[in-house]
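So the chains spell out like this:
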Amino acid sequence: MIHDVPKPELSPNFTIDAIHKIREWHYERLKDATIEERLDR
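Rules behind the numbers
Residues numbered from 1 in each chain as written. Predicted model: local features only at pLDDT ≥ 70, side-chain atom pairs only at ≥ 80, totals over all residues. Heavy atoms only, no water. Helix = DSSP H or I, 4+ residues; strand = E, 2+ residues; numbered from the N terminus. Contact = heavy atoms within 4.5 Å. Lys, Arg positive; Asp, Glu negative; His and termini not counted. Charge placed at Lys NZ, Arg CZ, Asp CG, Glu CD. Expected span 1.5 Å × (residues − 1). Buried < 20%, exposed > 50% of the residue type's maximum accessible area, 1.4 Å probe, protein only. Arc of directions from axis to C-beta.

What follows deals with the overall build of the protein. Tallying secondary structure elements over the protein gives 2 helices and 0 strands in all. Oriented by its inertia axes, the alpha-carbon framework of the protein measures out at about 35 × 15 × 15 Å. Within the protein, residue pairs in contact and separated by at least 24 positions form 48% of the contacts whose partners lie at least 6 positions apart. In the protein, which carries 7 positive and 9 negative side-chain charges, the distance between the mean positions of the two groups comes to 4 Å.

Next up, the structure:
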């Protein structure tokens, strides 16, 4: 199942913190997804 997690707010200064936010957001969206759902995204 793909979760509807809102995209993180990123500042114009792309920092390591922004990368962590993106990775966490991506994980939360796909943590319970099947392989087929992951491939469709």
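There is more to say after this.
Our next topic: the side chain of Arg29. Topologically, Arg29 is positioned in helix α1 (residues 16-30). If near-sequence neighbours (up to four positions away) are discounted, Arg29 is found in contact with Met1, Ile2, His3, Val5 and Arg41.

Take α1 next. Taking 1.5 Å per residue as the helical rise, α1 with its 15 residues ought to reach 21 Å, and the 21 Å between its terminal C-alpha atoms agrees with that figure. Those residues of α1 that sit buried are Ala18, Trp25, Arg29 and Leu30. Across the axial projection of α1, the buried residues extend over an arc of 115°, all falling on one side. For α1, exposure combined with an orientation more than 90 degrees from the buried face picks out Ile16, Arg23, Glu24 and Tyr27. Next to the buried residues of α1 lie α2 (35-40).

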